[in-house]
Amino acid sequence: MHFHVMTLFPDMITAAMSQSIIGRAQKQGIISVEAVDIRDFSKDKHRHVDDYPYGGGAGMVMQPGPIYDCYQSIAARTGKARVIYTTPQGRVFSQKDARELAREEDLIILCGHYEGVDERVLEEIVTDNFSIGDYVLTGGELPAMVMMDAVARMVPGVLTNESSASEESFEGGLLEYPQYTRPEVYHGVSVPPVLLSGHHANIERWRRRQSLERTCKRRPDLLQKEIEAGRLSPEDLNIISQLESE
Ligand code: ADE
């Protein structure tokens, strides 16, 4: 998986993506992250890439030329690839999108800034508009990094323990059960005894119940989706009706 990020702040991308699991995956050559500075494609001696909006209004708009030339310099190497634009006007990015995008060989991401980007270049190059949630950020770099992180961890080999990608929250449609490690008693609170019992079937049952309970309390919308899709067992549904009557 090769990420190509078109940005006005390339250092922000390379610094954050060189850390932790994503950094390790880059060193191992499983993924690569290239940050391309849109300003390098400015024709202006002051490296300007924005101008006033036609029709008036507050703020500046990124001009189409530098973005298009930046895109061309990447596409000349990748060939046809999906181009993601990070925008609050996009569809909200989900785990399912992360899983699907992880199958691509190259992803080009355009980070927006200022008040916006000239619509003509967006129409010409963008294949997917994604938002990371219903709030407005100052730029598209953080959303781009959020999406790259979520996509990269779905690429085989990026996570060392493969099972940790499939059992976690969202992959099964429910939130993950709580986890505990040593010490056995912390600030007077003990680890749930079932986890020390060594009884695997009971541990599985307890974890399933915790997942259902958590999802019911914190994300009833997710639980409703699972129920409607018929993905829950009769035993699960039984637990849910118990929880609802508590
Ligand atoms: N740019 C600014 N806000 C954003 C958001 N919520 N998602 C994606 N891109 C953005």
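Coordinates for the structure precede this section.
Here is what the cut-offs are and how they apply
- Residues numbered from 1 in each chain as written.
- Predicted model: local features only at pLDDT ≥ 70, side-chain atom pairs only at ≥ 80, totals over all residues.
- Heavy atoms only, no water.
- Salt bridge = Lys/Arg side-chain N within 4 Å of Asp/Glu carboxyl O.
- Helix = DSSP H or I, 4+ residues; strand = E, 2+ residues; numbered from the N terminus.
- Buried < 20%, exposed > 50% of the residue type's maximum accessible area, 1.4 Å probe, protein only.
- Polar contact = N/O pair within 3.5 Å; in protein donor to acceptor, adjacent residues only side chain to side chain.
- Contact = heavy atoms within 4.5 Å.
- Near = heavy atom within 4 Å.
- Areas by Shrake-Rupley, 256 points an atom, 1.4 Å probe, with all protein chains shown as cover.

S.K.: Before we move on, can you summarise the pattern of salt bridges with the specific residues and values?
M.R.: Counted according to the given criterion, the structure contains 14 salt bridges. Its salt-bridge partner being Arg77, residue Glu34 comes within 2.9 Å of it at the nearest N-O pair. Placement of the pair is Glu34 in strand β2 (residues 32-37) and Arg77 in helix α3 (residues 64-78), with a sequence separation of 43 residues. Among the residues examined, Arg77 registers a relative accessible area of 51% and is labelled exposed.

S.K.: I'd like to hear about the side chain of Ser131, residue by residue, with values.
M.R.: Topologically, Ser131 is positioned in strand β8 (residues 128-131). Among the residues examined, Ser131 registers a relative accessible area of 3% and is labelled buried. A distance of 3.0 Å separates a polar atom in the side chain of Ser131 from the backbone oxygen of Gly133. If we ignore the near neighbours within four places in the chain, the residues touching Ser131 are Thr87, Pro88, Gly90, Arg91, Val92 and Phe93.

S.K.: Lay out the site of the ligand in plain terms, naming residues and giving numbers.
M.R.: The ligand sits among Thr86, Thr87, Pro88, Phe130, Ser131, Ile132, Gly133, Tyr135, Val136, Leu137, Gly139 and Pro143. Ile132 places a polar main-chain atom, nitrogen or oxygen, 3.0 Å from a nitrogen atom of the ligand. Between Tyr135 and the ligand, the recorded distance is 2.8 Å, taken from a backbone N or O atom to a nitrogen atom. Starting from 260 Å² of accessible surface for the ligand in isolation, the protein chains cover 96%. Elements with a contribution of two residues or more to the shell around the ligand: β5 (82-92) and β8. When residues of the shell around the ligand are assigned to their parent elements, the largest contribution, 3 residues, is made by β5.

Don't take any of this as a statement about function, it's just geometry.
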